[in-house]
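# A look at the structure
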Amino acid sequence: MMRAIVLALAVAGLAGGANAQMSTGSWGGEVQHQVSPTVPAGALKQAEEAVRQAHGNPPGAAFRTVKAIEVATVKQSAFANPIDGPASVVCGQYTSGDPASADYFWFFVAIKHGKVLWITSDTPSNSPGDAYYSCQSAGLAD
């Protein structure tokens, strides 16, 4: 019985799950942006810049399906201690623009008080992976 409870908690908290509030959607060009009313204005741009930097600032980089929420707590993994919020969680898909690898992959960025706490990103070879499942856990991926 105890083993089943521990397993259920581990699955429920998979890699960066978040306790989310309601959010509203708006469209920006070809990229859908969904932002809860309390997400700081610069969180999307800060997350996108962090993802670009983590992948070497490629000139043809592009984002799609970018969504953000503000959460009460966030944690980096199932067994990590939760970080009290408010914190912003930004999720979406990213491509480096490299014609040899034009696939989009998922990213998950946690931000608190304007500081990026961590970035998790999948690659086309391991997608869906931790970033996708973290975004799904936060309610930001289908």
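This write-up is about the structure you can find in this document. Please read these numbers as outputs of a predicted model, since none were measured by experiment.

### A short note on the nonpolar core
Counting 16 residues, the largest nonpolar core has Val74, Val89 and Phe108 as the members making the most contacts within it. Elements supplying a minimum of two residues to this core: strand S4 (62-74), strand S5 (83-95), strand S6 (105-112) and helix H3 (130-137). Residues Val90, Tyr94, Phe105 and Val109 belong to the second largest nonpolar core, which totals 15 residues.

### A look at the pairing of S5
Strand direction decides the pairing type here: S4 and S5, joined by 10 bridges, are antiparallel. Counterpart to Ala62 in the pairing with S5 is Thr95.

### Overview of the side chain of Ser88
Among the secondary structure elements, Ser88 is positioned in strand S5. On the basis of relative accessibility, which here comes to 4%, the residue Ser88 falls in the buried class. When neighbours within four sequence positions are excluded, Ser88 is seen to be in contact with Val39, Pro40, Ala43, Ile69, Glu70, Val109, Ala110 and Ile111.

### Thoughts on helix H2 (residues 43-54)
Here H2 is 12 residues long and its end C-alpha atoms lie 16 Å apart, about the 16 Å a rise of 1.5 Å per residue gives. Listed as buried for H2 are Ala43, Leu44, Ala47, Glu48, Ala50 and Val51. The arc enclosing the buried residues of H2, seen along the axis, measures out at 160°, which places them on a common side. For H2, exposure combined with an orientation more than 90 degrees from the buried face picks out Lys45 and Gln53. Just past H2, the residue Gly56 takes up positive phi, approximately 85°.

### A few points about the state of the cysteines
Going through the model one piece at a time under the given rule, you end up with 1 disulfide. Note on cysteine connectivity: Cys91 is disulfide-linked to Cys135, with sulfurs 2.3 Å apart. The disulfide joining Cys91 to Cys135 has a torsion of about -100° about its S-S bond and is therefore left-handed. Here Cys91 is found in strand S5, whereas its partner Cys135 is found in helix H3, with 44 residues between them in sequence. A relative accessible area of 0% places Cys91 in the buried class.

What counts, and at which threshold
- Residues numbered from 1 in each chain as written.
- Predicted model: local features only at pLDDT ≥ 70, side-chain atom pairs only at ≥ 80, totals over all residues.
- Heavy atoms only, no water.
- Core = buried A, V, L, I, M, F, W, Y, C linked by side-chain atoms within 4.5 Å.
- Buried < 20%, exposed > 50% of the residue type's maximum accessible area, 1.4 Å probe, protein only.
- Helix = DSSP H or I, 4+ residues; strand = E, 2+ residues; numbered from the N terminus.
- Pairing = 2+ DSSP bridges.
- Contact = heavy atoms within 4.5 Å.
- Expected span 1.5 Å × (residues − 1).
- Arc of directions from axis to C-beta.
- Disulfide = S-S within 2.5 Å.

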